Amino acid sequence: MSLWPLILGMAAVTYVPRLLPMVFVRGERLPRRLRLFLACIPCAALGVLIVPGGLYAVEGRMLLCGLSLAAAFITAWFSRNLLIPMAAAVLSLLGLSYVL
Amino acid sequence: MRDFCVGLRRGLPVLLGYFPVALAFGMIAGNAQVPLMHAAGMSAFVYAGASQFMALNLLIAGLPTAEIVLATLLLNFRHFLMSAALSARMKRVGKLAPLVAFGITDETFAVAATEPTAPTPTFLLGLEAAAYVGWLSGTALGHALGGVLPRILQGALGMGLYGLFIGILVPEVRRSWRAAAVAAVSAGIHWLLRHFAVMPPGWSIIAAIVAGAAFGVILGEAKPPAVGRGTAG
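Here the structure is a predicted model, which is why all the values come from computation and not from measurement.

Chemist: Just to check I follow, could you spell out the confidence of the model for chain B for this structure?
Modeler: Detail in the predicted coordinates should be disregarded across regions flagged by low pLDDT. All names here are of chain B. Per-residue confidence for chain B gives a mean pLDDT of 93; residues scoring 70 or more make up 94%. Residue range residues 228–233 is modelled with pLDDT below 50. Its contacts to residues more than four positions away, or to other chains, number 18 contacts. ipTM for the predicted complex: 0.96, alongside a pTM of 0.93.

Take a look at the structure:
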């Protein structure tokens, strides 16, 4: 069975919502409150992307995942290099998985 | 061209974060008897990680194509909000819009939207190119290698992307308490919605982002919280 109909269908429904605002939304034409709303989306999205997904990254190991997220948070506080919290998250989860 | 190279450099953490997750995707696809061309085709044309993993699960469960496509639409509709937020911040996207729009993912959006100055289309292309290389090469290599990653290792490698999100969020939170409040409120709402399974996951994501950003509007009439500074016009 070919998966191409599925792939192309998924591609279309993923691409169109990515494309339409890029073509039609122009910041300077929007009312101030809507602009403010859109400016708040990055932080809102980051909150949503981290919680609760990060806590479920290893099924049934919420404490382990939470500590690993905390390690990323603490290292990010002291470094602007994104690779530092990434490494902290990965390595702390691996290391703590032997202890917890 | 300079912008493109700066974008590429900013995309390096995304590339490194994507690679192992795509590796796992390629492996799981291979184990599910999905041929290499189909797995790579999905990564190349759909290019949306969570929905690709979901599609594999639903395929294995035997769901019909139309239902998987519908579920994909719901899960990926959050990019509509992200594309709108990014577009509102840019002066002009122009002819590159179709290409720039294709590369919008959670991660490239998060990096681009928190840049101190409004991103240019060429910057975005560089950022997105780096991310795309990581996703595609990881998929192909994972499929070629085959096998299964131990559960803890797969979880740990996936954790890299959460580290990336946290690394992007922390400077915003440090700069503005409004940004912190917006992130905390949307995270809390999302957790509740998911915990009580109020609605399908795709809707939960969108509802929580909208609620968090609306909360930001209530908080920040005086000046835009977080990354709003530098917004053109």
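Chemist: It is not clear to me how the interface of chain A and chain B should be interpreted in this structure. Could you clarify?
Modeler: Accessible area lost on assembly of the parts is the figure often given for the size of an interface. Each partner contributes residues to the interface: chain A has 60 residues there, and chain B has 85 residues. Here the side of chain A that touches chain B takes 17 residues from helix α2 (residues 32–50) of chain A, the largest share from any one element. Here the residues of the side of chain A that touches chain B sort into 48 nonpolar, 7 polar and 5 charged.

Chemist: It is not clear to me how helix α2 (residues 36–45) of chain B should be interpreted in this structure. Could you clarify?
Modeler: Every α-helix carries 3.6 residues per turn, so stepping three or four residues along brings you back to the same face. Every buried residue of α2(B) is listed here: B:A39, B:M42 and B:S43. The buried residues of α2(B) occupy an angular sector of 95 degrees when projected down its axis, which confines them to one face. In this structure, the buried residues of α2(B) make contact with α1 (4–24) of chain A together with α1 (2–31), α3 (49–60) and α8 (121–145) of chain B.

Chemist: Just checking my understanding: could you explain the domain arrangement of chain B for this structure?
Modeler: Residue and element names in this part refer to chain B. Each assigned domain of chain B is listed here: domain 1 (2–153) and domain 2 (176–233). In this complex, domain 1 contributes 12 residues to the contact, which on the side of domain 2 involves 11 residues. Breaking the side of domain 1 that touches domain 2 down by element, the ones donating at least two residues are α4 (65–76) and α5 (78–89). If you tally residues by element for the side of domain 1 that touches domain 2, the top one is α5, at 3 residues. Split into classes, the residues belonging to the side of domain 1 that touches domain 2 amount to 7 nonpolar, 2 polar and 3 charged.

Chemist: Where do I start with the domain arrangement of chain A in this structure?
Modeler: Along its sequence, chain A is carved into domain 1 (1–50) and domain 2 (58–100). In this structure, domain 1 of chain A and domain 2 of chain A have C-alpha centres spaced 29 Å apart.

Criteria and cut-off values
- Residues numbered from 1 in each chain as written.
- Chains lettered and ligands numbered in written order.
- Predicted model: local features only at pLDDT ≥ 70, side-chain atom pairs only at ≥ 80, totals over all residues.
- pLDDT = per-residue confidence, 0-100.
- Contact = placed C-beta atoms within 7 Å.
- Helix = DSSP H or I, 4+ residues; strand = E, 2+ residues; numbered from the N terminus.
- Nonpolar A, V, L, I, M, F, W, Y, C, P; charged D, E, K, R; others polar.
- Buried ≥ 20, exposed ≤ 12 C-beta atoms within 10 Å, placed from the backbone.
- Arc of directions from axis to C-beta.
- Domains from an automatic or database assignment.

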